[in-house]
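Here is what each chain is made of, one letter per residue.
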Amino acid sequence: MTRAPDGDARPSFLSGLRLGVPFALVGFVLSLSFAVLARQAGFSVAQAIVTSVIVFAGSAQFAMLSVVAGGGGVPAALAVAGLMNSRFLAMGIALAPSLPGGPVKRAAQGQAVVDASWALANRGDGTFDRWLLFGTTAPQYLTWTLGSAVGAVFGDALGDPDRLGLDAIYPTFFLALLIAEMRDRTTRWVGVGGGLLALALVPVAPPGIPVLAASAVALVGLARRPA
């Protein structure tokens, strides 16, 4: 696909909107399942919706929810969510030179970064089409918020999440993320090592600690990865 130069804001933004629709549809289902499960874990309707509006990150939200649902405390849940979102630091550093303005303006534009949008906006030469990024994120944010609202408000009417398979969505979601990242020997060893460590800690550690430990293994693997 030929991408318009950054000066052509409208074509890039409209192209981004089209590219974002498939991800937005998937996001609706994921955020709906998050809200239903969050309500079952004790979140209020407002808490479930506001979490999605503010965080807008599936991996972080489901990781946090898994800790809370398992009986873990807020500090552990926030720590896990922070580790899951740490990848955005590197993504933001790569994107920053393609964003105009001062630090505050660039930071505001950087709020549009999600995994799919960042990848699609990457021109492959170290620069990014920021308007395509904005366009791709817009429908995803809309359906993520809408799905959370539907799940939070009408979750009871959907019945038992186990019957609908909603309880299987977030472990499947994490498994898909893991498989996508296990491209070489280093990442495979990190994935296996983190998983085995988490399994070993589940019977003896407080809720949330196994996930934190597995995340730490991932960070160690990243630090040792050759440049």
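It should be noted that the structure appears before, not after, this text.
Residues numbered from 1 in each chain as written. Predicted model: local features only at pLDDT ≥ 70, side-chain atom pairs only at ≥ 80, totals over all residues. Heavy atoms only, no water.

Caption draft 1: Spotlight on the packing of helix α1 (residues 9-40) against helix α8 (residues 130-154). The interhelical angle for the contact between α1 and α8, taken along N-to-C directions, is 25 degrees, at an axis separation of 5 Å. Between α1 and α8, the angle falls in the class roughly parallel. Handedness of the crossing formed by α1 with α8: right-handed. Tallied by class, the residues present in the contact of α1 with α8 amount to 21 nonpolar, 13 polar and one charged. (Axes fitted to C-alpha atoms, helices over the stretch in contact; angles between N-to-C directions. Helix = DSSP H or I, 4+ residues; strand = E, 2+ residues; numbered from the N terminus. Parallel < 35°, antiparallel > 145°, perpendicular 65-115°, else oblique. Left-handed = near helix turned anticlockwise from the far one by under 90°. Nonpolar A, V, L, I, M, F, W, Y, C, P; charged D, E, K, R; others polar.)

Caption draft 2: Looking closely at the packing of aromatic side chains. Across all of its chains, the model carries five aromatic pairs by this definition. Centre to centre, the rings of W118 and F128 are 5.2 Å apart; their planes meet at 45 degrees, and the pair counts as tilted. On the criterion of sequence distance, the pair formed by W118 in helix α7 (residues 115-121) and F128 in the loop between α7 and α8 is long-range, its members being ten residues apart. Ring pairs connect the aromatic residues F56, Y141 and W144, which therefore count as one cluster. (Phe/Tyr/Trp six-rings, centres within 6.5 Å; stacked < 30°, edge-to-face > 60°.)

Caption draft 3: Geometry of the layout of surface pockets. Estimates place the volume of the second largest pocket at around 460 Å³. As for the second largest pocket, its lining consists of 19 residues, of which F88, A107, G110, Q111 and V113 are closest to the centre. Contributing elements (two or more residues each) for the lining of the second largest pocket: α2 (45-55), α5 (87-95) and α6 (103-110). With five residues, the top contributor of residues to the lining of the second largest pocket is α5. (1 Å grid on protein atoms, 1.4 Å probe; cavity = no way out; pocket = protein on both sides within 12 Å on 5 of 7 lines; lining within 4 Å. Points joined across faces, edges and corners; volume = space filled by probe spheres on them.)

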